[in-house]
Amino acid sequence: CLPANQERFADGKLATVQFHPSAQVVMTAGHDRSVSLFQVKNFNLCYVDGIRNPRIQSIYLESFPIYKACFSVDGEQVIATGTHHKMFFVYDMMSGSIIPIQKIRGVEERFLRSFEVSPDGSFMLLTGTSGYLHLLSMKTKELISTMKVNGRCTASAFTPDSSKIYSYSKEGEVFIWDVRSRKCLHKFEDEGSLEGKCIALSKNNQYVACGSTSGVVNLYTTDTCLKENHPKPVKAIMNLVTSATCVTFNPTTEILAVASRETDEAVKLV
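Keep in mind that this is a model prediction, so the values were computed, not measured. (Residues numbered from 1 in each chain as written. Predicted model: local features only at pLDDT ≥ 70, side-chain atom pairs only at ≥ 80, totals over all residues. Heavy atoms only, no water.)

**Observations concerning the UniProt feature "repeat: WD" (unreviewed entry) in the chain**
Convention followed: UniProt positions are given in the numbering used here, feature names are shortened, and annotations may be inferred rather than shown by experiment. Each helix is a run of DSSP H or I of at least 4 residues and each strand a run of E of at least 2, with the numbering of both proceeding from the N terminus.
According to UniProt, the "repeat: WD" (unreviewed entry) feature falls on residues 157-187. Structurally, residues 157-187 comprises 0% helix and 58% strand, and the distance from its first C-alpha atom to its last is 14 Å.

**Section: the environment of N150**
Rule in force here: Residue burial is assigned from relative accessible area. The probe radius is 1.4 Å, only protein chains are included, and a residue is buried under 20% of its type maximum, exposed over 50%, and partly exposed in between. Residue contacts follow a heavy-atom distance rule, with two residues in contact if any of their heavy atoms lie within 4.5 Å.
Take N150: it is sitting in the loop between strand 12 (143-148) and strand 13 (153-158). Of the residues examined, N150 reaches a relative accessible area of 45% and is grouped as partly exposed. Along the backbone, N150 and A29 are 121 residues apart, and their C-alpha atoms lie at a distance of 32 Å. With residues near it in sequence (within four places) discarded, N150 still touches S169, E171, E173, F175 and K187.

**Digging into unusual backbone geometry**
Not every positive phi belongs to a glycine, and T253 is a case in point at roughly 60°. For T253, the position within the fold is in the loop between strand 21 (246-249) and strand 22 (256-259). Residue T253 is classed as buried on the basis of its relative accessible area, which comes to 16%. Phi angles above zero are rare outside glycine, and E265 is one such case at about 60°. Along the chain, E265 falls in the loop between strand 22 and strand 23 (267-269). Its relative accessible area of 77% is what places E265 among the exposed residues.

**As for the sheet that holds strand 22**
Where we set the bar: Paired strands are those between which DSSP finds at least two bridges. Simply put, an axis is a line fit to the C-alpha atoms, just over the touching stretch for a helix, and the angle between two N-to-C directions goes from 0 to 180 degrees.
With antiparallel pairing, the three strands of this open sheet are ordered in space as 21-22-23. Looking at the sheet topology across the chains shown, the edges are occupied by strand 21 and strand 23. The average undirected angle you get between the axes of adjacent strands in this sheet is 15°. Note: strand 22 against strand 23, three bridges, orientation antiparallel.

Below is the structure:
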């Protein structure tokens, strides 16, 4: 297969690669301050006929190296946060406008970097410092509520029905929040975790995967996570030798991808 972004390679580190939720489009974004959209042709045709993956559009955000970019659930917007900025940008793909979100009333953070969008498209969760989690309305980008975990939050994930949030702390604890009431429903410790790094929930809401700095990824059932303070993993995946920085399930919950950005080719499919 030809490189998806062959018509415009990035000048710096790529922070995000994501497929559009409904169109044959892939987005790249990164430290060269740009977001680019490419049309992805049929992979077999690409290989056999050499068809290009044409660039649809690139937007440039001046003095804004991108930390993370993400499509909205309906695919009409791209949200992008920077590496060292209090603000973030929303790119409206329908109108072609770039909207800076300069200040969110009630959110006092030095940087806004990590965030998650709820599967139903209603919420945006910003990970702040000192354990603060800021829940925003995806429609208005205004603050709904702030939650706080003990220590520092390193990763969060919504359940597939968007009713709960799992927040993983640097101290290896996972806090489960009710989105509607914003109350902590339960807390459990990730077995053997020295420092939490990444978390994912399966699309059928059966499993929770927690990855730590040791490279171990623990797989739990959601039932035990909601009931027990020290649940036993269904499986401890030890294929990574450096810190686990990404875990994600495929849509049918048959495959779990675990990866580390700290060394080359550290991607395993379980």
